[in-house]
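Given next are the chains, with one letter for each unit.
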Amino acid sequence: MKEYCGNPGRGSHALSLVAAEKIYECREELSKLISLSDPLGIVFTLNTTHALNLVIKGLLRQGDHVIISDMEHNSVLRPLAKMEKNGVIEYSVFDSLAEQKDKDLYEICASVERLIKPNTKAVICSHASNICSAVLPVEEIGALCKRYGIFFIVDAAQSAGHMTIDMEKMNIDALCAPAHKGLYGPQGCGFAALTTKIASELDTIYEGGNGYMSFEKDMPETSPERYEVGTLATPAVAGLLEGVRFVEKIGLEEIHERECELFRYARERLLSIKGVEIYLPWHEGSVLLFNKDGVESERLARMLSSANICVRAGYHCSPLAHVSLGTPPGGAVRISFSVFNKRSDLDAFVRAVSKA
Amino acid sequence: MRSDKKSKMTDKTPHSMCFFDLGSVSSAIAAQKVLASAAIYAEVIKREGTTRSGGCAYGIEFSCQQANNVRAVLRSSNIRIRGSDGI
(Lines give C-alpha, C1' and ligand atoms only; values in the text may rest on other atoms or scores of the structure.)
Protein backbone atom coordinates (compact mmCIF):
# COMPACT_ATOMS: atom_id res chain seq x y z
CA MET A 1 0.00 0.00 0.00
CA LYS A 2 2.88 2.35 0.74
CA GLU A 3 5.07 1.46 -2.21
CA TYR A 4 2.42 1.13 -4.91
CA CYS A 5 0.10 4.01 -4.11
CA GLY A 6 0.77 5.93 -7.33
CA ASN A 7 -1.81 5.66 -10.08
CA PRO A 8 -0.24 3.66 -12.94
CA GLY A 9 -0.40 5.19 -16.39
CA ARG A 10 -1.59 8.53 -15.14
CA GLY A 11 1.18 10.69 -13.81
CA SER A 12 4.77 11.25 -14.73
CA HIS A 13 6.02 11.08 -11.17
CA ALA A 14 8.09 8.27 -9.71
CA LEU A 15 5.26 6.64 -7.73
CA SER A 16 3.10 6.40 -10.83
CA LEU A 17 5.90 4.79 -12.83
CA VAL A 18 6.79 2.36 -10.04
CA ALA A 19 3.16 1.23 -9.96
CA ALA A 20 3.04 0.89 -13.77
CA GLU A 21 6.24 -1.14 -13.74
CA LYS A 22 4.87 -3.45 -11.04
CA ILE A 23 1.74 -4.03 -13.08
CA TYR A 24 3.80 -4.73 -16.18
CA GLU A 25 5.89 -7.22 -14.18
CA CYS A 26 2.71 -9.04 -13.28
CA ARG A 27 1.63 -9.10 -16.93
CA GLU A 28 5.01 -10.65 -17.79
CA GLU A 29 4.88 -13.31 -15.07
CA LEU A 30 1.31 -14.28 -15.91
CA SER A 31 2.01 -14.49 -19.62
CA LYS A 32 4.99 -16.75 -18.92
CA LEU A 33 2.89 -18.96 -16.64
CA ILE A 34 0.21 -19.57 -19.28
CA SER A 35 2.38 -19.29 -22.41
CA LEU A 36 0.82 -16.17 -23.85
CA SER A 37 3.34 -14.63 -26.22
CA ASP A 38 2.55 -10.95 -25.58
CA PRO A 39 2.34 -9.65 -21.97
CA LEU A 40 0.19 -6.79 -23.24
CA GLY A 41 -2.55 -9.36 -23.82
CA ILE A 42 -3.03 -9.60 -20.04
CA VAL A 43 -6.01 -7.42 -19.08
CA PHE A 44 -6.61 -6.94 -15.37
CA THR A 45 -10.17 -7.20 -14.12
CA LEU A 46 -12.05 -7.41 -10.83
CA ASN A 47 -12.42 -11.20 -11.01
CA THR A 48 -13.05 -14.07 -13.44
CA THR A 49 -16.71 -13.16 -13.94
CA HIS A 50 -15.72 -9.64 -14.95
CA ALA A 51 -13.10 -11.04 -17.33
CA LEU A 52 -15.57 -13.48 -18.91
CA ASN A 53 -18.15 -10.72 -19.39
CA LEU A 54 -15.51 -8.57 -21.03
CA VAL A 55 -14.67 -11.33 -23.50
CA ILE A 56 -18.18 -12.70 -24.09
CA LYS A 57 -19.93 -9.36 -24.57
CA GLY A 58 -17.00 -7.87 -26.44
CA LEU A 59 -16.85 -10.73 -28.92
CA LEU A 60 -20.41 -11.79 -29.66
CA ARG A 61 -22.53 -9.98 -32.21
CA GLN A 62 -26.13 -10.22 -33.37
CA GLY A 63 -26.86 -13.66 -34.81
CA ASP A 64 -23.86 -15.46 -33.34
CA HIS A 65 -24.03 -18.95 -31.90
CA VAL A 66 -21.94 -20.19 -28.96
CA ILE A 67 -21.23 -23.65 -27.58
CA ILE A 68 -20.62 -24.15 -23.86
CA SER A 69 -20.06 -27.18 -21.66
CA ASP A 70 -22.45 -28.63 -19.12
CA MET A 71 -19.95 -27.75 -16.39
CA GLU A 72 -20.20 -23.98 -16.77
CA HIS A 73 -20.43 -21.54 -13.91
CA ASN A 74 -23.03 -18.77 -13.91
CA SER A 75 -20.22 -16.41 -14.93
CA VAL A 76 -20.59 -17.94 -18.41
CA LEU A 77 -24.20 -19.06 -18.32
CA ARG A 78 -25.85 -15.85 -17.16
CA PRO A 79 -24.26 -13.43 -19.65
CA LEU A 80 -25.18 -15.83 -22.45
CA ALA A 81 -28.71 -16.40 -21.12
CA LYS A 82 -29.29 -12.66 -21.05
CA MET A 83 -27.94 -12.20 -24.56
CA GLU A 84 -30.14 -15.03 -25.77
CA LYS A 85 -33.18 -13.60 -23.98
CA ASN A 86 -32.51 -10.26 -25.71
CA GLY A 87 -32.42 -12.00 -29.08
CA VAL A 88 -28.74 -11.28 -29.69
CA ILE A 89 -27.28 -14.79 -29.72
CA GLU A 90 -28.16 -18.41 -29.19
CA TYR A 91 -26.16 -21.01 -27.29
CA SER A 92 -25.95 -24.79 -27.11
CA VAL A 93 -24.63 -27.00 -24.31
CA PHE A 94 -22.35 -29.94 -25.00
CA ASP A 95 -22.06 -33.04 -22.83
CA SER A 96 -18.69 -33.15 -21.06
CA LEU A 97 -19.35 -36.76 -20.00
CA ALA A 98 -17.94 -35.76 -16.61
CA GLU A 99 -19.97 -38.41 -14.84
CA GLN A 100 -18.41 -41.21 -16.92
CA LYS A 101 -15.37 -42.91 -15.47
CA ASP A 102 -13.71 -44.12 -18.65
CA LYS A 103 -14.69 -41.40 -21.04
CA ASP A 104 -13.25 -41.08 -24.49
CA LEU A 105 -11.85 -37.58 -25.01
CA TYR A 106 -12.71 -37.74 -28.68
CA GLU A 107 -16.29 -38.57 -27.79
CA ILE A 108 -16.42 -35.28 -25.90
CA CYS A 109 -14.99 -33.49 -28.93
CA ALA A 110 -17.59 -35.22 -31.10
CA SER A 111 -20.32 -33.87 -28.82
CA VAL A 112 -18.92 -30.38 -29.41
CA GLU A 113 -18.52 -30.90 -33.14
CA ARG A 114 -22.12 -32.05 -33.56
CA LEU A 115 -23.28 -28.64 -32.28
CA ILE A 116 -21.15 -26.50 -34.61
CA LYS A 117 -23.19 -24.36 -37.01
CA PRO A 118 -22.13 -21.96 -39.74
CA ASN A 119 -22.70 -19.05 -37.33
CA THR A 120 -20.85 -20.60 -34.37
CA LYS A 121 -18.49 -17.92 -33.14
CA ALA A 122 -16.96 -19.53 -30.07
CA VAL A 123 -16.70 -22.47 -27.74
CA ILE A 124 -16.56 -21.49 -24.07
CA CYS A 125 -15.65 -24.03 -21.43
CA SER A 126 -14.13 -24.48 -18.03
CA HIS A 127 -10.72 -26.07 -17.84
CA ALA A 128 -11.52 -27.63 -14.46
CA SER A 129 -14.91 -27.71 -12.77
CA ASN A 130 -15.45 -25.43 -9.79
CA ILE A 131 -17.56 -28.04 -8.01
CA CYS A 132 -15.82 -31.35 -8.57
CA SER A 133 -12.61 -32.87 -9.84
CA ALA A 134 -13.71 -33.03 -13.50
CA VAL A 135 -11.24 -31.66 -16.03
CA LEU A 136 -12.22 -30.92 -19.60
CA PRO A 137 -9.97 -31.89 -22.53
CA VAL A 138 -9.13 -28.33 -23.50
CA GLU A 139 -6.24 -29.23 -25.76
CA GLU A 140 -8.46 -31.47 -27.90
CA ILE A 141 -11.33 -28.96 -27.91
CA GLY A 142 -8.85 -26.21 -28.79
CA ALA A 143 -7.62 -28.23 -31.75
CA LEU A 144 -11.21 -28.69 -32.91
CA CYS A 145 -11.88 -24.96 -32.64
CA LYS A 146 -8.76 -24.21 -34.62
CA ARG A 147 -9.87 -26.61 -37.35
CA TYR A 148 -13.24 -24.86 -37.65
CA GLY A 149 -11.89 -21.32 -37.22
CA ILE A 150 -13.90 -20.82 -34.02
CA PHE A 151 -12.70 -18.79 -31.05
CA PHE A 152 -11.89 -20.83 -27.95
CA ILE A 153 -12.50 -19.18 -24.57
CA VAL A 154 -11.48 -20.95 -21.37
CA ASP A 155 -12.63 -20.32 -17.82
CA ALA A 156 -9.53 -21.22 -15.83
CA ALA A 157 -10.91 -20.13 -12.45
CA GLN A 158 -10.24 -23.55 -11.03
CA SER A 159 -7.13 -24.53 -12.95
CA ALA A 160 -4.83 -21.48 -13.00
CA GLY A 161 -2.09 -22.21 -10.50
CA HIS A 162 -3.25 -25.81 -10.09
CA MET A 163 -2.47 -27.21 -13.52
CA THR A 164 -0.25 -26.49 -16.49
CA ILE A 165 -1.83 -24.12 -19.01
CA ASP A 166 -0.29 -23.49 -22.41
CA MET A 167 -2.48 -21.11 -24.38
CA GLU A 168 -0.47 -21.63 -27.54
CA LYS A 169 -0.43 -25.42 -27.43
CA MET A 170 -4.08 -25.57 -26.35
CA ASN A 171 -5.16 -23.07 -29.03
CA ILE A 172 -6.85 -20.89 -26.42
CA ASP A 173 -7.81 -17.42 -27.66
CA ALA A 174 -8.94 -16.01 -24.33
CA LEU A 175 -8.38 -17.33 -20.83
CA CYS A 176 -10.01 -15.89 -17.72
CA ALA A 177 -8.88 -16.50 -14.15
CA PRO A 178 -8.96 -15.01 -10.66
CA ALA A 179 -6.10 -13.95 -8.40
CA HIS A 180 -7.51 -15.45 -5.24
CA LYS A 181 -7.71 -19.17 -5.96
CA GLY A 182 -4.78 -21.22 -7.25
CA LEU A 183 -2.63 -18.15 -7.79
CA TYR A 184 -2.65 -17.25 -4.10
CA GLY A 185 -3.40 -13.57 -4.70
CA PRO A 186 -5.94 -11.28 -3.10
CA GLN A 187 -9.68 -11.20 -3.77
CA GLY A 188 -11.10 -8.56 -6.07
CA CYS A 189 -8.58 -9.12 -8.84
CA GLY A 190 -8.52 -11.30 -11.93
CA PHE A 191 -7.48 -11.18 -15.54
CA ALA A 192 -8.35 -12.00 -19.11
CA ALA A 193 -5.44 -13.25 -21.21
CA LEU A 194 -6.06 -12.36 -24.85
CA THR A 195 -4.22 -13.45 -27.94
CA THR A 196 -3.61 -10.80 -30.57
CA LYS A 197 -6.19 -12.53 -32.75
CA ILE A 198 -9.11 -12.21 -30.34
CA ALA A 199 -7.99 -8.82 -29.01
CA SER A 200 -8.38 -7.41 -32.50
CA GLU A 201 -12.01 -8.64 -32.57
CA LEU A 202 -13.20 -7.51 -29.16
CA ASP A 203 -15.39 -4.47 -28.76
CA THR A 204 -15.24 -2.63 -25.46
CA ILE A 205 -17.98 -3.05 -22.90
CA TYR A 206 -16.70 -0.25 -20.68
CA GLU A 207 -15.35 3.08 -21.81
CA GLY A 208 -13.60 5.77 -19.85
CA GLY A 209 -10.29 7.25 -18.88
CA ASN A 210 -7.05 5.35 -19.06
CA GLY A 211 -4.53 8.10 -18.66
CA TYR A 212 -3.51 9.10 -22.13
CA MET A 213 -4.80 10.79 -25.28
CA SER A 214 -7.52 12.40 -23.20
CA PHE A 215 -8.95 14.43 -26.07
CA GLU A 216 -9.72 11.35 -28.14
CA LYS A 217 -13.30 10.22 -27.67
CA ASP A 218 -12.67 6.64 -28.74
CA MET A 219 -10.94 4.03 -26.65
CA PRO A 220 -7.44 3.13 -27.86
CA GLU A 221 -7.15 0.24 -30.30
CA THR A 222 -4.54 -1.70 -28.39
CA SER A 223 -4.63 -4.02 -25.39
CA PRO A 224 -4.53 -3.76 -22.45
CA GLU A 225 -5.59 -0.11 -22.12
CA ARG A 226 -8.46 -0.63 -24.57
CA TYR A 227 -10.15 -2.83 -21.95
CA GLU A 228 -8.80 -1.46 -18.68
CA VAL A 229 -10.77 1.62 -17.75
CA GLY A 230 -10.36 3.65 -14.60
CA THR A 231 -7.80 3.08 -11.90
CA LEU A 232 -6.40 -0.43 -11.59
CA ALA A 233 -6.16 -2.24 -8.25
CA THR A 234 -2.37 -1.90 -8.11
CA PRO A 235 -1.95 -3.34 -4.57
CA ALA A 236 -4.04 -6.36 -5.60
CA VAL A 237 -2.01 -6.83 -8.80
CA ALA A 238 1.20 -6.59 -6.75
CA GLY A 239 -0.24 -9.29 -4.48
CA LEU A 240 -1.13 -11.43 -7.48
CA LEU A 241 2.44 -11.08 -8.76
CA GLU A 242 3.78 -12.45 -5.48
CA GLY A 243 1.25 -15.27 -5.67
CA VAL A 244 2.36 -16.20 -9.19
CA ARG A 245 5.98 -16.17 -8.06
CA PHE A 246 5.05 -18.44 -5.16
CA VAL A 247 3.41 -20.88 -7.58
CA GLU A 248 6.45 -20.78 -9.87
CA LYS A 249 8.78 -21.35 -6.94
CA ILE A 250 6.97 -24.52 -5.85
CA GLY A 251 6.18 -25.60 -9.41
CA LEU A 252 2.85 -26.52 -10.96
CA GLU A 253 3.61 -30.23 -11.10
CA GLU A 254 4.54 -30.30 -7.43
CA ILE A 255 1.40 -28.33 -6.50
CA HIS A 256 -0.79 -30.64 -8.56
CA GLU A 257 0.76 -33.75 -7.06
CA ARG A 258 0.38 -32.43 -3.49
CA GLU A 259 -3.30 -31.63 -4.13
CA CYS A 260 -3.92 -35.04 -5.69
CA GLU A 261 -2.25 -36.70 -2.71
CA LEU A 262 -4.61 -34.80 -0.39
CA PHE A 263 -7.54 -35.79 -2.62
CA ARG A 264 -6.58 -39.47 -2.37
CA TYR A 265 -6.23 -39.26 1.40
CA ALA A 266 -9.56 -37.44 1.80
CA ARG A 267 -11.27 -39.93 -0.50
CA GLU A 268 -9.95 -42.91 1.44
CA ARG A 269 -10.95 -41.44 4.80
CA LEU A 270 -14.35 -40.18 3.67
CA LEU A 271 -15.32 -43.47 2.08
CA SER A 272 -14.75 -45.17 5.43
CA ILE A 273 -17.73 -43.18 6.78
CA LYS A 274 -21.12 -44.81 6.33
CA GLY A 275 -23.44 -42.86 4.03
CA VAL A 276 -20.81 -40.69 2.33
CA GLU A 277 -21.02 -40.34 -1.44
CA ILE A 278 -18.16 -38.75 -3.39
CA TYR A 279 -18.88 -37.44 -6.86
CA LEU A 280 -16.29 -38.52 -9.46
CA PRO A 281 -14.08 -40.28 -6.88
CA TRP A 282 -11.90 -41.68 -9.64
CA HIS A 283 -10.71 -38.26 -10.81
CA GLU A 284 -8.16 -36.66 -8.51
CA GLY A 285 -7.93 -32.88 -8.31
CA SER A 286 -7.94 -29.79 -6.13
CA VAL A 287 -11.63 -30.03 -5.22
CA LEU A 288 -13.75 -32.88 -3.93
CA LEU A 289 -17.56 -32.92 -3.91
CA PHE A 290 -19.50 -35.12 -1.54
CA ASN A 291 -22.69 -35.64 0.41
CA LYS A 292 -23.59 -37.52 3.53
CA ASP A 293 -26.78 -39.45 3.38
CA GLY A 294 -29.53 -37.88 5.47
CA VAL A 295 -27.66 -34.61 6.09
CA GLU A 296 -28.58 -31.62 3.93
CA SER A 297 -25.42 -30.05 2.46
CA GLU A 298 -25.82 -26.59 4.01
CA ARG A 299 -26.46 -28.18 7.41
CA LEU A 300 -23.32 -30.25 7.07
CA ALA A 301 -21.36 -27.12 6.12
CA ARG A 302 -22.63 -25.32 9.23
CA MET A 303 -21.58 -28.26 11.40
CA LEU A 304 -18.13 -28.22 9.83
CA SER A 305 -17.94 -24.48 10.39
CA SER A 306 -18.49 -25.00 14.10
CA ALA A 307 -15.36 -27.17 13.99
CA ASN A 308 -13.50 -24.29 12.25
CA ILE A 309 -13.58 -26.06 8.90
CA CYS A 310 -14.57 -23.80 6.01
CA VAL A 311 -16.29 -25.49 3.08
CA ARG A 312 -18.91 -24.39 0.61
CA ALA A 313 -22.21 -26.22 0.19
CA GLY A 314 -25.19 -25.80 -2.13
CA TYR A 315 -24.97 -25.32 -5.88
CA HIS A 316 -21.75 -23.28 -6.11
CA CYS A 317 -23.21 -20.99 -8.84
CA SER A 318 -23.01 -23.96 -11.19
CA PRO A 319 -26.52 -25.29 -11.82
CA LEU A 320 -25.57 -27.02 -15.07
CA ALA A 321 -22.80 -28.99 -13.38
CA HIS A 322 -25.02 -30.08 -10.49
CA VAL A 323 -27.65 -31.30 -12.94
CA SER A 324 -24.96 -33.19 -14.91
CA LEU A 325 -23.65 -34.88 -11.77
CA GLY A 326 -27.12 -35.60 -10.46
CA THR A 327 -26.67 -34.10 -7.01
CA PRO A 328 -29.83 -34.09 -4.86
CA PRO A 329 -31.94 -31.02 -4.01
CA GLY A 330 -29.74 -28.83 -1.83
CA GLY A 331 -26.63 -29.64 -3.83
CA ALA A 332 -23.49 -31.00 -2.19
CA VAL A 333 -20.47 -30.07 -0.09
CA ARG A 334 -17.23 -29.02 -1.76
CA ILE A 335 -13.85 -29.16 -0.08
CA SER A 336 -10.80 -27.68 -1.75
CA PHE A 337 -7.11 -28.20 -1.18
CA SER A 338 -4.10 -25.94 -1.30
CA VAL A 339 -0.41 -26.50 -0.75
CA PHE A 340 -0.88 -25.27 2.81
CA ASN A 341 -3.21 -28.12 3.76
CA LYS A 342 -1.90 -31.12 5.65
CA ARG A 343 -3.22 -34.61 6.31
CA SER A 344 -3.94 -33.52 9.89
CA ASP A 345 -6.44 -30.94 8.50
CA LEU A 346 -8.21 -33.76 6.71
CA ASP A 347 -8.20 -35.92 9.84
CA ALA A 348 -10.03 -33.14 11.69
CA PHE A 349 -12.40 -32.75 8.77
CA VAL A 350 -13.21 -36.46 8.63
CA ARG A 351 -13.82 -36.57 12.39
CA ALA A 352 -16.30 -33.69 12.02
CA VAL A 353 -18.08 -35.37 9.09
CA SER A 354 -18.31 -38.61 11.08
CA LYS A 355 -20.11 -36.81 13.91
CA ALA A 356 -22.61 -35.16 11.57
CA MET B 1 10.31 8.73 -15.75
CA ARG B 2 10.29 12.45 -15.47
CA SER B 3 8.02 15.33 -16.31
CA ASP B 4 9.06 16.72 -19.64
CA LYS B 5 7.92 19.94 -21.16
CA LYS B 6 10.93 20.48 -23.36
CA SER B 7 10.50 22.13 -26.69
CA LYS B 8 10.99 20.00 -29.78
CA MET B 9 14.46 18.60 -30.10
CA THR B 10 15.89 18.98 -33.51
CA ASP B 11 19.57 19.11 -32.64
CA LYS B 12 21.16 15.76 -33.49
CA THR B 13 24.41 16.24 -31.64
CA PRO B 14 25.71 13.16 -29.82
CA HIS B 15 23.79 14.23 -26.70
CA SER B 16 20.51 15.17 -28.34
CA MET B 17 17.46 13.14 -27.37
CA CYS B 18 14.65 11.87 -29.53
CA PHE B 19 11.17 10.71 -28.60
CA PHE B 20 8.85 8.01 -29.89
CA ASP B 21 5.19 8.35 -28.96
CA LEU B 22 3.90 4.88 -28.04
CA GLY B 23 0.58 5.88 -26.52
CA SER B 24 0.13 3.89 -23.32
CA VAL B 25 2.44 3.42 -20.38
CA SER B 26 2.24 -0.36 -20.95
CA SER B 27 3.59 -0.01 -24.47
CA ALA B 28 6.28 2.37 -23.25
CA ILE B 29 7.45 -0.02 -20.52
CA ALA B 30 7.35 -2.94 -22.98
CA ALA B 31 9.50 -0.88 -25.37
CA GLN B 32 11.94 0.06 -22.64
CA LYS B 33 12.36 -3.62 -21.74
CA VAL B 34 12.96 -4.87 -25.27
CA LEU B 35 15.39 -2.03 -25.87
CA ALA B 36 17.24 -2.84 -22.65
CA SER B 37 17.62 -6.42 -23.83
CA ALA B 38 19.16 -4.98 -27.01
CA ALA B 39 21.53 -2.86 -24.86
CA ILE B 40 19.80 0.40 -25.78
CA TYR B 41 18.98 2.78 -22.96
CA ALA B 42 15.62 4.51 -23.11
CA GLU B 43 13.58 6.40 -20.58
CA VAL B 44 9.81 6.24 -20.22
CA ILE B 45 8.31 9.70 -20.24
CA LYS B 46 4.89 11.27 -20.44
CA ARG B 47 4.46 14.36 -22.55
CA GLU B 48 2.23 15.96 -25.14
CA GLY B 49 1.46 13.32 -27.76
CA THR B 50 2.45 13.68 -31.35
CA THR B 51 -1.14 13.74 -32.57
CA ARG B 52 -2.16 17.32 -31.94
CA SER B 53 -5.74 16.85 -30.92
CA GLY B 54 -5.23 13.81 -28.72
CA GLY B 55 -3.61 14.90 -25.48
CA CYS B 56 -0.79 13.44 -23.46
CA ALA B 57 0.88 10.16 -24.28
CA TYR B 58 3.60 7.92 -22.95
CA GLY B 59 6.65 7.09 -24.94
CA ILE B 60 10.37 6.61 -24.78
CA GLU B 61 13.20 9.07 -24.95
CA PHE B 62 16.56 7.91 -26.23
CA SER B 63 19.74 9.15 -27.83
CA CYS B 64 19.03 10.33 -31.37
CA GLN B 65 22.09 8.42 -32.50
CA GLN B 66 20.19 5.21 -31.72
CA ALA B 67 17.04 6.20 -33.63
CA ASN B 68 17.39 3.63 -36.40
CA ASN B 69 18.25 0.84 -33.98
CA VAL B 70 15.36 1.75 -31.71
CA ARG B 71 12.95 1.76 -34.63
CA ALA B 72 14.19 -1.66 -35.78
CA VAL B 73 13.94 -3.23 -32.33
CA LEU B 74 10.43 -1.89 -31.79
CA ARG B 75 9.31 -3.05 -35.21
CA SER B 76 10.63 -6.56 -34.57
CA SER B 77 8.71 -6.58 -31.28
CA ASN B 78 5.49 -5.39 -32.92
CA ILE B 79 5.43 -2.21 -30.85
CA ARG B 80 3.76 0.49 -32.89
CA ILE B 81 5.31 3.94 -33.01
CA ARG B 82 2.50 6.47 -33.13
CA GLY B 83 4.71 9.43 -33.85
CA SER B 84 8.12 10.87 -33.17
CA ASP B 85 9.83 14.01 -32.14
CA GLY B 86 13.37 15.18 -32.72
CA ILE B 87 13.92 12.88 -35.68
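Residues numbered from 1 in each chain as written. Chains lettered and ligands numbered in written order. Predicted model: local features only at pLDDT ≥ 70, side-chain atom pairs only at ≥ 80, totals over all residues. Heavy atoms only, no water.

**Student:** I'd like a rundown of the overall build of chain B, residues and numbers included.
**Tutor:** Helix and strand counts for chain B stand at two helices and four strands. Tracing chain B from N to C terminus, the helices and strands come up as β-α-β-β-α-β. Here chain B holds 87 residues, and 52% of them are scored as buried. Across chain B, contacts joining residues at least 24 apart in sequence account for 73% of those joining residues at least 6 apart. Roughly 4400 Å² of accessible area belongs to chain B as shown, and the carbon and sulfur atoms make up 48% of that amount. (Helix = DSSP H or I, 4+ residues; strand = E, 2+ residues; numbered from the N terminus. Buried < 20%, exposed > 50% of the residue type's maximum accessible area, 1.4 Å probe, protein only. Contact = heavy atoms within 4.5 Å. Areas by Shrake-Rupley, 256 points an atom, 1.4 Å probe, with all protein chains shown as cover.)

**Student:** Just give me the short version of the overall build of chain A, but keep the residues and values in it.
**Tutor:** A tally of helices and strands in chain A yields eleven helices and eleven strands. In summary, chain A has a C-alpha radius of gyration of 21 Å against a globular reference of 21 Å for 356 residues, a match within 12%. Counting all 356 residues of chain A, 57% fall into the buried class. Within chain A, residue pairs in contact and separated by at least 24 positions form 65% of the contacts whose partners lie at least 6 positions apart. Per element, the accessible surface of chain A, about 15200 Å² overall, is 51% carbon and sulfur. (Rg over C-alpha atoms; globule rule 2.2 N^0.38 Å.)

**Student:** Please give an account of helix H11 (residues 343–355) of chain A that cites residues and values.
**Tutor:** Residues and elements named next belong to chain A. When the terminal C-alpha atoms of H11 are compared, their 19 Å separation across 13 residues agrees well with the 18 Å that a helix rising 1.5 Å per residue should span. By the burial criterion, the buried members of H11 are Leu346, Asp347, Phe349, Val350, Ala352 and Val353. Lining the buried residues of H11 we find helix H8 (252–270), strand E8 (276–279), strand E9 (287–292), helix H9 (297–306) and strand E11 (332–336). (Expected span 1.5 Å × (residues − 1).)

**Student:** Describe the state of the cysteines, with residues and values.
**Tutor:** Residues and elements named next belong to chain B. Summed over the entire model, instances satisfying the criterion amount to one disulfide over all chains. Each sulfur in the disulfide pair Cys18 and Cys64 lies 2.0 Å from the other. With the S-S bond torsion at 110°, the cross-link from Cys18 to Cys64 turns out right-handed. One end of the pair, Cys18, is in strand E1 (residues 17–23); the other, Cys64, is in the loop between strand E3 (56–63) and helix H2 (67–76), and 46 residues separate them in sequence. (Disulfide = S-S within 2.5 Å.)

**Student:** Residue-level account of the sheet that holds strand E4 (residues 120–126) of chain A, with values.
**Tutor:** Residues and elements named next belong to chain A. A sheet is described by the order of its strands in space; here seven strands give the open sequence E1-E7-E6-E5-E4-E2-E3, paired in mixed fashion. The sheet is open, and its two edges are formed by strand E1 (42–45) and strand E3 (89–94), each paired on a single side. Ignoring which end each strand starts from, the neighbouring axes of this sheet average 20° apart. Sheet analysis places strand E2 (residues 64–69) next to E3, joined by six bridges and oriented parallel. Paired with His65 across the strands is Glu90, a residue of E3. (Pairing = 2+ DSSP bridges. Axes fitted to C-alpha atoms, helices over the stretch in contact; angles between N-to-C directions.)

**Student:** Which residues make up the interface of chain A and chain B, and what values go with them?
**Tutor:** Taken together, the contact pairs 21 residues of chain A with 22 residues of chain B. Summing the contributions of chain A and of chain B, the shared interface buries around 1700 Å²; its carbon and sulfur component is 60%. At the boundary of chain A and chain B, one finds one salt bridge. With a closest N to O distance of 3.3 Å, Glu28 of chain A and Lys33 of chain B form a salt bridge. Looking at side-chain class alone, the side of chain A that touches chain B contains eight nonpolar, seven polar and six charged residues. (Buried area = accessible area lost by both parts, 1.4 Å probe. Salt bridge = Lys/Arg side-chain N within 4 Å of Asp/Glu carboxyl O. Nonpolar A, V, L, I, M, F, W, Y, C, P; charged D, E, K, R; others polar.)

**Student:** Residues and numbers for the side chain of Asn210 of chain A, please.
**Tutor:** All names here are of chain A. With respect to the secondary-structure elements, Asn210 resides in the loop between helix H6 (196–199) and helix H7 (234–250). A relative accessible area of 8% means that Asn210 is categorised as buried. A polar side-chain atom of Asn210 sits 3.1 Å from the main-chain carbonyl oxygen of Glu225. When sequence neighbours within four positions are dropped, the list of residues in contact with Asn210 reads Gly9, Arg10, Met219, Pro220, Glu225 and Glu228. (Polar contact = N/O pair within 3.5 Å; in protein donor to acceptor, adjacent residues only side chain to side chain.)

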